[in-house]
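Secondary and tertiary structure notes
Listed here are the chains, written in short residue letters.
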Amino acid sequence: MTRLLELLINGLSLGAVYALIALGFVVIFKATEVVNFAHASLLLLGGYVTAVFHDDFGFVGALAVGIVVAAAVGAFVEFFLLRRAKARRDVIGIATIGIDIVLTAELSRRLGTSVLALGDPWGNKVVQFGGITIAQTRIAALIVAAVLIALFLAAFKYTPWGISMRAVAEDSETAALMGIRLGRISMSAWCVAGALAAVAAVFIAAFPTPGLDRTTSLVALKAFPAAILGGLDSMTGALVGGLLIGLTEALVGGYQNELSFLGRGLGDVAPYAVMIVILLVRPSGLFGTREASRV
Amino acid sequence: MLKPPDVRAQAALSVRDLTVSYGRAVRALHEVSLDVPQGEIVTVLGANGAGKTTLMRAISGTLRFHGGVVTSGKVTYSGVSLNTSPAHRIVETGIVQAPEGRRVFGRMTVEENLKVGGFHAPESTRKRVFDLFPVLAERRKQRASLLSGGEQQMLAMGRALMARPKVLLLDEPTLGLAPLMAQTIAKTITEINEQGTSVLLVEQNAALALRLAHYAYVLDVGKVALRGPAAELAASDEVRQRYMGVVDEQIPVAFGTRTLSRWEG
């Protein structure tokens with residue numbers, strides 16, 4: 001029973017981090033109709049910058065720099081790719097794969113085989129209560145992600161920025177007719193996505209993971225099924241999808257000895273298996289709006 | 001037909017020799033000129049495909065959403081060219097469009113829809129909109145998709161008014177509405193105009209539009225076919241027959257009186 005509880009809490013924490021990443025996907029897709037395949041490399045970049053600067057600026061300072069850099073690179077992509085290219089949105093989506101390759105290659109070159117610590121204050125300390133042992137980083141991840149998600153959703157619901165964003169997502173031409181600056185909305189979406197990814201990087205690289213290395217972006221890629229199974233254009237979908245993937249991964253990983261007949265490393269495959277099963281039943285994701293017009 | 005001088009007195013919004021094409025082949029407007037003087041209601045009539053909506057898009061800077069370009073001519077407001085301005089700049093200038101088919105944000109509330117129109121609109125503007133459309137005040141917490149067609153049209157107009165336009169562009173505001181609702185909308189348009197907003201009204205319902213407007217243009221296949229004071233156009237036989245569907249029994253139609261008879265071969 002304690003084992004199950006531990007796994008559930010770890011799964012929720014992991015899921016909350018995935019939800020942060022998935023939220024980034026969804027924001028970009030809603031605002032610009034582009035599927036951003038470069039998201040994992042933005043995350044790696046944010047984590048890398050945090051790792052490099054944590055000796056000089058302390059953890060919080062370094063994280064702030066990481067957030068700013070990831071947001072700025074997001075804005076850069078928006079400004080030089082989305083605004084300039086007169087291509088269709090799905091073509092731009094493919095172009096982001098190119099950006100992902102370039103960015104990941106450069107960061108991998110810099111990282112080499114090293115594993116960088118991010119200097120987070122929680123280290124490998126654990127909390128024990130009622131026989132349950134949970135790493136502090138997991139609790140921190142859960143709290144930070146929950147606070148950020150709540151802030152984000154509130155901004156989305158109540159601020160002029162959020163209302164404009166929703167208007168653009170629903171009907172960009174009419175939003176433009178009402179005086180909303182589409183370029184600004186699109187750029188801010190990329191900035192927010194980059195910033196959220198940088199925060200997520202910290203918790204992906206933190207204990208019990210040894211640190212940030214070049215495979216970190218692969219871990220981030222698991223947020224992609226989270227966004228898709230929730231429905232790419234739904235915030236709720238991103239949250240539910242993130243939690244679902246996190247829980248699946250934690251539970252399947254935790255019980256993999258019992259599941260050994262399915263082979264090893266099942267925890268890595270499970271998110272995609274869940275995604276496929278859900279898409280078979282609901283092709284536009286759990287909360288996605290059906291797109292009848294798009295072929 | 002009386003043809004007044006080309007430039008009408010103190011035109012606020014002016015369109016000169018505007019030619020618009022979609023892609024290389026489709027020319028939607030050909031050297032169209034029109035003026036919307038300060039404080040007037042000007043209407044543009046025409047059949048489907050005459051270029052009415054294209055004209056609206058050209059003025060409000062949304063041609064690019066449809067692959068259209070202005071190939072010659074210009075749109076100016078108080079002498080300032082708007083040809084290359086993005087849509088938000090044109091809104092800042094004071095020209096705001098309530099688009100054809102209402103296009104309210106259905107997943108957002110009435111209140112939020114109005115906010116999109118003018119985030120920093122002063123309380124007086126909000127009050128003016130709610131005075132014009134009391135139903136919007138009653139339903140402000142409701143999703144816009146739950147409103148009736150007429151209410152959605154009111155929301156679309158209210159939303160545009162939140163930006164405090166100097167010129168309000170209305171594209172087919174009575175399209176698909178019940179006659180009584182169309183009359184209500186028409187009355188409101190007059191009211192908005194009396195409060196000092198110039199209106200450019202595009203309509204298929206020629207009878208209604210000519211009753212409201214001071215001046216009218218008739219577009220036909222991308223060209224201005226007729227223009228003149230609304231009252232004169234309303235009285236002309238050509239407009240009555242072609243756009244208002246009035247068939248005068250006394251005056252025979254130009255083609256003569258052909259009657260249908262059973263074919264007996």
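Residues numbered from 1 in each chain as written. Chains lettered and ligands numbered in written order. Predicted model: local features only at pLDDT ≥ 70, side-chain atom pairs only at ≥ 80, totals over all residues.

Moving on to the overall build of chain A. Within chain A one finds 11 helices and 2 strands. Starting at the N terminus and walking to the C terminus, you meet the elements of chain A as α-α-α-β-β-α-α-α-α-α-α-α-α. In terms of overall size, chain A behaves like a compact globule, its C-alpha atoms giving a radius of gyration of 19 Å where 295 residues would be expected to give roughly 19 Å. Counting only C-alpha atoms and orienting by the principal axes, one finds that chain A spans roughly 60 × 50 × 35 Å. Relative to its full complement of 295 residues, chain A shows a buried share of 48%. (Helix = DSSP H or I, 4+ residues; strand = E, 2+ residues; numbered from the N terminus. Rg over C-alpha atoms; globule rule 2.2 N^0.38 Å. Buried ≥ 20, exposed ≤ 12 C-beta atoms within 10 Å, placed from the backbone.)

Turning next to the packing of helix H4 (residues 136-158) of chain A against helix H5 (residues 160-170) of chain A. Residues and elements named next belong to chain A. In the contact formed by H4 and H5, the axes pass within 5 Å of each other and the chain directions differ by 75°. Here H5 runs roughly perpendicular to H4, going by the angle between their axes. Across the interface between the two elements, Ala155, Phe156, Lys157 and Tyr158 from H4 touch Trp161, Gly162 and Met165 from H5. Its residues assigned to classes, the contact of H4 with H5 shows 5 nonpolar, 1 polar and 1 charged. (Axes fitted to C-alpha atoms, helices over the stretch in contact; angles between N-to-C directions. Parallel < 35°, antiparallel > 145°, perpendicular 65-115°, else oblique. Contact = placed C-beta atoms within 7 Å. Nonpolar A, V, L, I, M, F, W, Y, C, P; charged D, E, K, R; others polar.)

Take the sheet that holds strand S3 (residues 41-45) of chain B next. All names here are of chain B. Overall, mixed pairing links the 6 strands, which are arranged S6-S7-S8-S3-S9-S10 in an open sheet. Edge positions in the sheet fall to strand S6 (95-98) and strand S10 (223-229), since each of these pairs with one other strand and no more. Across this sheet, the average inter-strand angle for adjacent strands is 15°, counted without regard to direction. Pairing of strand S7 (residues 167-171) with strand S8 (residues 198-203) involves 5 bridges; the strand directions are parallel. (Pairing = 2+ DSSP bridges.)

On to the environment of Asn10(A), then. Residue and element names in this part refer to chain A. Counting through the fold element by element, Asn10 comes out in helix H1 (residues 2-32). Owing to 23 C-beta atoms within 10 Å, Asn10 belongs among the buried residues under this scheme. In sequence terms Asn10 and Leu142 are 132 residues apart; their C-alpha atoms lie 8.9 Å from each other.

Right, let's talk about the interface of chain A and chain B for a bit. Across the boundary between the two partners, chain A contributes 16 residues, which contact 20 residues of chain B. Of all the secondary structure elements, the ones that give two or more residues to the side of chain A that touches chain B are H5 and helix H6 (172-177) of chain A. For the side of chain A that touches chain B, the element with the most residues is H5(A), which contributes 6 residues. Residue composition of the side of chain A that touches chain B, by class: 8 nonpolar, 3 polar and 5 charged.

Glancing now at the environment of Ala31(A). Residue and element names in this part refer to chain A. Positionally, Ala31 belongs in helix H1. Exposure remark for Ala31: the 25 C-beta atoms within 10 Å place this residue in the buried category. Along the chain, Ala31 and Ile163 lie 132 residues apart, while their C-alpha atoms are 12 Å from each other. Every residue in contact with Ala31, bar those within four places of it in the chain, is listed here: Met165, Val168, Ala169, Ile185, Ser186 and Ala189.

Cis geometry is adopted by the peptide bond preceding Pro208(A), which originates at Phe207(A) and carries an omega value of 5°. Structurally, the position occupied by Pro208(A) is in the loop between helix H7 (182-205) and helix H8 (216-220). The backbone of Glu31(B) sits at a positive phi, close to 45°, despite the residue not being glycine. Its place among the elements puts Glu31(B) in strand S2 (residues 26-37). A positive phi angle is found at Val221(B), which is not glycine, with a value near 45°. Among the structural elements, Val221(B) can be located in the loop between strand S9 (215-220) and S10. Judged by the 14 C-beta atoms lying within 10 Å of it, Val221(B) falls in the partly exposed class.

Let us now look at the pairing of strand S1 (residues 11-22) of chain B. Residue and element names in this part refer to chain B. Looking at chain direction, S1 and S2 are connected through 8 bridges and run antiparallel. By the bridge assignment, Val15 is partnered in S2 with Leu34. Between the antiparallel neighbours S1 and S2 lie 3 residues, among them Gly23 with a positive phi of about 65°. Sheet analysis places S1 next to strand S4 (residues 68-77), joined by 8 bridges and oriented antiparallel. Directly across from Leu13, in S4, lies its bridge partner Tyr77.

Residues and elements named next belong to chain A. Contact geometry of H1 with helix H2 (residues 39-82) gives a least axis separation of 12 Å together with a crossing angle of 25°. With respect to H2, the element H1 is oriented roughly parallel. Between H1 and H2 lies a crossing whose hand is right-handed. Together, Ile21, Gly24, Phe25 and Thr32 of H1 and His39, Leu43 and Leu82 of H2 make up the contact between the two elements. Of the residues belonging to the contact of H1 with H2, the class tally is 4 nonpolar, 3 polar and no charged. (Left-handed = near helix turned anticlockwise from the far one by under 90°.)

Each α-helix turn comprises 3.6 residues. Residues three or four places apart therefore point the same way. Residues and elements named next belong to chain A. Burial analysis of helix H9 (residues 223-230) places 8 of its 8 residues in the buried class, which makes it a mostly covered element. Residues of H9 that are buried: Ala223, Phe224, Pro225, Ala226, Ala227, Ile228, Leu229 and Gly230. Buried residues in H9 make contact with H1, H8, helix H10 (235-254) and helix H11 (266-281). Phi for Gly231, located one or two positions after H9, is positive at around 105°.

As a further point, take the sheet that holds strand S5 (residues 80-81) of chain B. All names here are of chain B. Here we have 4 strands laid out as an open sheet, ordered S2-S1-S4-S5, and antiparallel in their pairing. If you trace the sheet from one side to the other, it starts and ends with S2 and S5, each paired once. Relative to S4, helix H1 (residues 52-60) is tilted by about 65°, and along the sheet it contacts S1, S2 and S4.

Our focus in this paragraph is the pairing of S6(B). All names here are of chain B. Side-chain alternation along S6 places Ile95 and Gln97 on one buried face and Val96 and Ala98 on a second face that is also buried. Examined bridge by bridge, S6 and S7 share 4 bridges and lie parallel to one another. In the strand pairing of S7, Ile95 is matched with Val167.

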